[in-house]
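Residue-level listing of the chains:
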Amino acid sequence: MKILIIGAGCTGSALAHIIKKCSSREIALTIWEKSAGCGGRMATSRFPADSLGESCSLDIGAQYISNVEKYQQAHADFYEDLKSSSVLTRMTGEVEGALPDASPTQHYISSKGLSAIAKHFVAQSGAELCVKTRLDSIRLDSNGLMATANTGNSALFDYVILTIPAPQILALSGIDSLLDSTEKSLLEGVSYSSRFALAVKLPAGFTPPVSWTGLYVTDNPCVRFICIDSKKRGLATSSTLLVHTGVPYALKNLERDKEDAGLIEDIFTHVQQVLPWLPTESKVLRCHKWRYSQVHHAIHGEPGYFNPKSTSNLLLCGDGFTHSNLDGCISSALKTWTYLESSLQGSTRQ
Ligand SMILES: Cc1cc2nc3c(=O)[nH]c(=O)nc-3n(C[C@H](O)[C@H](O)[C@H](O)COP(=O)(O)OP(=O)(O)OC[C@H]3O[C@@H](n4cnc5c(N)ncnc54)[C@H](O)[C@@H]3O)c2cc1C
């Protein structure tokens, strides 16, 4: 039995881990990931040493994990595993301006960076991880599903599971013939917010003169959230700042290149307005565009996964089928596994 998972974000990696843990069958599990590593929107960017000091890294997408009461029991195994493997630890830093939690909530961070979550799940799954491998097209074959990557490699799989944002699913070559018009419009209804992220390094030895670790900003037309990443993660390195813009600012500038010097300068100027103490020698390390950031409208009913009528062997899942956070990804992976398990049992009986 050959299964291909597209995407090594939290959903794809959690699903690989669940399949390995729960399946009694011999399964050859492969993951194709278009970027250079695991994490997806829980990515941790790494930067070499420079004139401002040693190498550094920071969480460029998701910032911290909020495990609400509803999922504390349901996903306890996952959290226990992540905590006992030193992937997740309780967040101790103060986040100013955060809305009060509606129910008892545990907040976690990873001192290794949040991409450690997906890395951990993939390592446990034993799956073959192919990075820099982007699924470009998919088609139904009499013996399964034929997947073709940007590398030119084509291979036949019994099941293909797409864990990528819905607009990226709809852009795949060949997907048109696997979805009917109702299914397409269901997927077209899944929408996401957009943001830019700016990674900033402060001069060696400079300690930000604030008590907070994270700050929600409400009175700036560009900046929405700032985090002192090095402080959040308890690192004894130069301070690093992560800045997320607000959604309206991102939508207004969405078609600008993330490397556009004018765009970067504009965001940085707004950060200086919010943080007047920011040293002028601070250095912008990277600007990243999150075109698909957090899910705004999930697929109707948040079923966790979607199986098109054309074939029982193609599954679509990810936060677009639940909601945007680690628990949304784990829920999606668990529901996808429930489908897969019963489908595999059916294929054994035939
Ligand atoms: C700016 C931002 C802030 C956020 N803040 C938080 C937060 O504080 N807390 C929180 O819990 N959540 C937060 N989230 C949401 C959280 O990051 C997502 O819900 C979660 O990471 C989604 O995981 P996923 O695996 O479903 O999708 P993704 O992480 O998008 O994973 C999909 C993977 O598929 C890969 N891929 C895409 N297309 C292809 C292809 N054709 N072939 C191969 N690979 C492909 C991508 O590179 C990616 O690695 C935030 C997200 C963003 C962007």
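Student: Can you explain the overall build of the chain? Please cite residues and give values.
Tutor: Of regular secondary structure, the chain possesses ten helices and 22 strands. Its C-alpha radius of gyration of 21 Å places the chain within 12% of the 20 Å reference for a compact globule of 350 residues. Oriented by its inertia axes, the alpha-carbon framework of the chain measures out at about 70 × 40 × 40 Å. Sorting the 350 residues of the chain into buried and exposed places 44% on the buried side.

Student: Please give an account of the site of the ligand that cites residues and values.
Tutor: Taken together, 38 residues surround the ligand, and among them G7, G9, G40, A62 and N325 come closest. Residue assignment for the shell around the ligand shows that the elements contributing at least two residues are α1 (10–22), β2 (28–33), β15 (195–201) and α10 (326–349). Inspection of the shell around the ligand shows a minimum of three residues originating in each of domain 1 (2–191 + 295–349) and domain 2 (194–290).

Student: With reference to specific residues and values, describe the environment of S177.
Tutor: If you trace the backbone, S177 turns up in the loop between α5 (166–170) and α6 (181–188). Residues S177 and R139, 38 residues apart in the sequence, show an inter-C-alpha distance of 7.9 Å.

Student: I'd like a rundown of the pairing of β2, residues and numbers included.
Tutor: In this sheet, β2 lies alongside strand β1 (residues 2–6) in parallel orientation, the contact comprising five bridges. Paired with L4 across the bridge in β2 is T30. Here four bridges tie β2 to strand β9 (residues 128–131), and the two strands are oriented parallel to one another. Of the residues in β9, the one forming a bridge with E33 is V131.

Student: Report on the environment of V87, specifying residues and quantitative values.
Tutor: Relative to the elements of secondary structure, V87 occurs in the loop between α3 (76–84) and β6 (89–90). Taking the C-alpha atoms as reference points, V87 and I109, separated by 22 residues in sequence, lie 8.3 Å from one another. Not counting residues within four places of it along the chain, the set of residues in contact with V87 comprises L82, S110, K112, A116, I117 and H120.

Student: Got a sec to walk through helix α9 (residues 261–274)? Specific residues and values, please.
Tutor: Given a rise of 1.5 Å per residue, 14 residues ought to cover 20 Å, and the 20 Å separating the end C-alpha atoms of α9 matches this to within 8%. The set of residues buried in α9 consists of I267, F268, H270 and V271. Projected down its long axis, α9 shows its buried positions confined to an angular sector of 155°, all on one face. Seen from the open side of α9, the exposed residues pointing more than 90 degrees away from its buried face are A261, G262, E265 and T269.

Student: Please give an account of the sheet that holds strand β19 (residues 283–290) that cites residues and values.
Tutor: Read from one edge to the other, the open sheet built from six strands follows the order β7-β16-β17-β18-β15-β19, with strand pairing classed as mixed. The open sheet has two edge strands with one neighbour each: β7 (95–96) and β19. The sheet contact formed by β7 and strand β16 (residues 214–216) spans two bridges and is parallel. Among the inter-strand pairings, V95 is bridged to a residue of β16, identified as G214.

Student: Give me the sheet that holds strand β5 (residues 65–68): which residues, what numbers.
Tutor: Remark on secondary structure: sheet strands pair via backbone hydrogen bonds, oriented parallel or antiparallel. Read across the sheet, three strands follow the order β5-β8-β6 without closing on themselves; strand pairing throughout is antiparallel. Looking at strand neighbours, the two that pair on one side only are β5 and β6, the edges of this open sheet.

Student: Summarise the nonpolar core; cite the residues concerned and give the values.
Tutor: One finds I117, V160, I161, L198 and V243 to be the most contacted residues of the largest nonpolar core, which totals 98 residues. The residue makeup of this core includes at least three contributed by each of domain 1 (2–191 + 295–349) and domain 2 (194–290). Those residues in contact with V243 that lie beyond four places of it in its chain are A197, L198, V200, V223, I226, I267 and V271.

Student: Please set out unusual backbone geometry residue by residue, giving values where relevant.
Tutor: In the Ramachandran plot, K132 falls in the positive-phi region, its phi being about 50° despite a non-glycine side chain. As for its position among the elements, K132 is in the loop between β9 and β10 (135–141). Accessibility expressed as a C-beta count within 10 Å gives 13 for K132, which makes it partly exposed. A positive phi is found at E302, a non-glycine position, where the angle reads about 45°. Position of E302 among the secondary structure elements: in the loop between β20 (295–297) and β21 (305–306). Overall, E302 belongs to the partly exposed group, with 16 C-beta atoms counted inside 10 Å.

Student: So what's going on with the domain arrangement of the chain? Which residues, and what values?
Tutor: One frequently used descriptor of interface size is the decrease in accessible area upon assembly of the parts. Each assigned domain of the chain is listed with its residue range as follows: domain 1 (2–191 + 295–349) and domain 2 (194–290). No other element matches strand β4 (residues 56–59), which puts three residues into the side of domain 1 that touches domain 2.

Student: Which residues make up the packing of α1 against helix α4 (residues 115–125), and what values do they have?
Tutor: Axis separation between α1 and α4 bottoms out at 8 Å; the angle between their running directions is 30°. When the axes of α1 and α4 are compared, the pair comes out roughly parallel. Seen along the crossing, α1 lies across α4 with a hand that is left-handed. The residues of α4 that touch α1, namely those facing C10, S13, A14, A16, H17, I19 and K20, are I117, A118, F121, V122, Q124 and S125. Of the residues in the contact of α1 with α4, the class split is eight nonpolar, four polar and one charged.

The rules behind the values
Residues numbered from 1 in each chain as written. Predicted model: local features only at pLDDT ≥ 70, side-chain atom pairs only at ≥ 80, totals over all residues. Helix = DSSP H or I, 4+ residues; strand = E, 2+ residues; numbered from the N terminus. Rg over C-alpha atoms; globule rule 2.2 N^0.38 Å. Buried ≥ 20, exposed ≤ 12 C-beta atoms within 10 Å, placed from the backbone. Near = placed C-beta within 6 Å. Domains from an automatic or database assignment. Pairing = 2+ DSSP bridges. Contact = placed C-beta atoms within 7 Å. Expected span 1.5 Å × (residues − 1). Arc of directions from axis to C-beta. Core = buried A, V, L, I, M, F, W, Y, C linked by C-beta atoms within 7 Å. Axes fitted to C-alpha atoms, helices over the stretch in contact; angles between N-to-C directions. Parallel < 35°, antiparallel > 145°, perpendicular 65-115°, else oblique. Left-handed = near helix turned anticlockwise from the far one by under 90°. Nonpolar A, V, L, I, M, F, W, Y, C, P; charged D, E, K, R; others polar.

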